[in-house]
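Read off the chains here:
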Amino acid sequence: MKNIAALALISSIALVSCKKETATVTKVDPKTGKTITVEVPADSVAKVAENPAIRDSAGIITQTFKLEKGKTYPLTTYQRDVKTMTDPQGKSITATSESTDEMNFTVNDIKGNVYDMTLNLVAKRSSQSAQGKTIVVDTKLPIPKEDDLKMIWNINRALTGNKLAMKMDTKGNVISITGFDAVYTKISNAIGTLIKDANEKASVIASLKETFNEKVLKDQFNKNLTIIPKKGAKIGEKWTTTENADASGAIKVTSNYVLKSLGNGAAEITVTGGIPKKTEKKTQGPITHSLSSELAQNGTIKFDQSTGWITNQNINVVTTQIETISDGKQSQSMKSVSKSSVMVNPSAK
């Protein structure tokens, strides 16, 4: 009996010693939509700083930044568009385009709640494929042989390899970005051998300044780097933003965000929304011309819990446009469907 008791004691000790430590993760139950807390093996959970940048305070999740001096943080954006055009006879043509902008941020110094950073413009790549032919413009590759691509390559090559000075506070507000004039000069010199006409050269630089300037980059970073509202949000809470889809502001893109989970070293946010279907009709005599369009988006965005930095974004966007001409007896339609993948730091999916 003593031996049996001893064996039972040893067995119970073995069971206790083999029991793995667990950690808790808070998330939204996909079946019920309710917030739940689940236990997972501790060794499957990423280590989180003792006082993380994205933290839970009495059920309210807030996002700040806790970056380290001397470290570099990536922000590579990638977009892939597959566009299919279908004519009235049902014949389809598909074209694919891809673009990649590789950049990163090095923290030089931290003064109070402001980061002194260097924005490194690393590389640019674009490609278009249609009807069995692909053209590529990549700053990491030699200049293309095609004359019409040489200009793009020269501008992109002059644009990359540059450094801009940036200041951002710990709440993710971009205070300033400077150093653009040196980049404009570099690009002007790069296209000098390709464009002899002074007016044409000035037009190219003016066009570049409209898309590459402090305001444009500020807007981009403010949108990419901070998603959780400044006041914070609860797990499962939804918030909505709108932005102009056209220059007039008549069409708006709606983005619905939900804080899906916080745990395992990451905050995960889901994105839905888009542009509701809209149809415009114009009639002239017996002919009616109608154009319908809509956009739908869905995906996820993940942030590192310890630093607050974006680790990955993967959003799918489908745009559908149908143009129809009718005389009341018969009609013909042209359909265009574009399927896009919009990613940030795609290698971290």
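Structural data are supplied above this passage.
About the cut-offs
Residues numbered from 1 in each chain as written. Predicted model: local features only at pLDDT ≥ 70, side-chain atom pairs only at ≥ 80, totals over all residues. Heavy atoms only, no water. Core = buried A, V, L, I, M, F, W, Y, C linked by side-chain atoms within 4.5 Å. Buried < 20%, exposed > 50% of the residue type's maximum accessible area, 1.4 Å probe, protein only. Helix = DSSP H or I, 4+ residues; strand = E, 2+ residues; numbered from the N terminus. Contact = heavy atoms within 4.5 Å. Expected span 1.5 Å × (residues − 1). Arc of directions from axis to C-beta. Polar contact = N/O pair within 3.5 Å; in protein donor to acceptor, adjacent residues only side chain to side chain. Pairing = 2+ DSSP bridges. 1 Å grid on protein atoms, 1.4 Å probe; cavity = no way out; pocket = protein on both sides within 12 Å on 5 of 7 lines; lining within 4 Å. Points joined across faces, edges and corners; volume = space filled by probe spheres on them. Nonpolar A, V, L, I, M, F, W, Y, C, P; charged D, E, K, R; others polar. Phe/Tyr/Trp six-rings, centres within 6.5 Å; stacked < 30°, edge-to-face > 60°.

Regarding the nonpolar core
Core analysis: the largest hydrophobic core is formed by 55 residues, its most contacted members being F212 and F221. Considering every element that reaches this core, the biggest residue donor is helix α3 (residues 180–190), with five residues. Filtering out sequence-adjacent residues up to four positions away, F221 remains in contact with L75, M103, F105, L119, M166, V174, I177 and T226.

Focus: helix α5 (residues 214–225)
If you check α5, its first and last C-alpha atoms are 16 Å apart, about what 12 residues at 1.5 Å a residue would give, namely 16 Å. Restricting attention to buried positions, one finds in α5 the residues L217, F221, N224 and L225. One side of α5 holds all its buried residues, which, seen down the axis, span an arc of 80 degrees. Structurally, the start of α5 carries an N-cap: the backbone nitrogen of K215 is 3.1 Å from a side-chain oxygen of N213.

Regarding the pairing of strand β10 (residues 162–169)
Side chains on a regular strand alternate between the two faces of the sheet. Note that strand β8 (residues 114–130) and β10 share eight bridges and pair antiparallel. Bridged to L121 within β10 is N162. Linking β10 back to strand β11 (residues 174–178) in an antiparallel pair, the connection comprises four residues, with G172 at a positive phi of about 90 degrees.

Observations concerning the layout of surface pockets
The gaps left among the atoms become clear once a water-sized probe is rolled over them. Estimated volume of the largest pocket: approximately 1400 Å³. Along its surface, the largest pocket is lined by 47 residues, and Q220, K223, N224, E243 and V342 are the ones closest to its centre. Tallying contributions element by element places α5 first for the lining of the largest pocket, with seven residues. Its residues placed into classes, the lining of the largest pocket shows 24 nonpolar, 17 polar and six charged. Taken as a whole, the second largest pocket encloses approximately 270 Å³ of empty space. Together, A245, I251, I275, K278, E280, L291, S293, E294, L295, T319 and Q321 line the second largest pocket. For the lining of the second largest pocket, the secondary structure elements donating two or more residues are β14 (266–284), β15 (287–304) and β16 (310–326).

Structural notes on the packing of aromatic side chains
Enumeration over the complete set of coordinates arrives at eight aromatic pairs. Here the aromatic rings of F105 and F221 are separated by 5.2 Å at their centres, their planes lie at 80 degrees, and the arrangement is edge-to-face. Of the two residues, F105 sits in strand β7 (residues 92–111) while F221 sits in helix α5, which places them 116 residues apart along the sequence. Taken as a pair, F105 and F221 share a single burial class, namely buried. Feature note: the residues F65, Y73, F105, F221 and W309 constitute an aromatic cluster, connected by ring pairs.

Considerations on the pairing of β8
Both β7 and β8 contribute to a ladder of 16 bridges, which runs antiparallel. Bridge pairing in β8 links D101 to K124. Here β7 hands over to β8 after two residues, with G112 in that stretch at a positive phi of 65 degrees. With six bridges joining them, β8 and strand β9 (residues 133–138) adopt antiparallel strand pairing. Considered in β9, the bridge of A130 is made with K133. Here β8 folds back onto β9 in antiparallel fashion, the turn holding two residues, of which Q131 has a positive phi close to 50 degrees.

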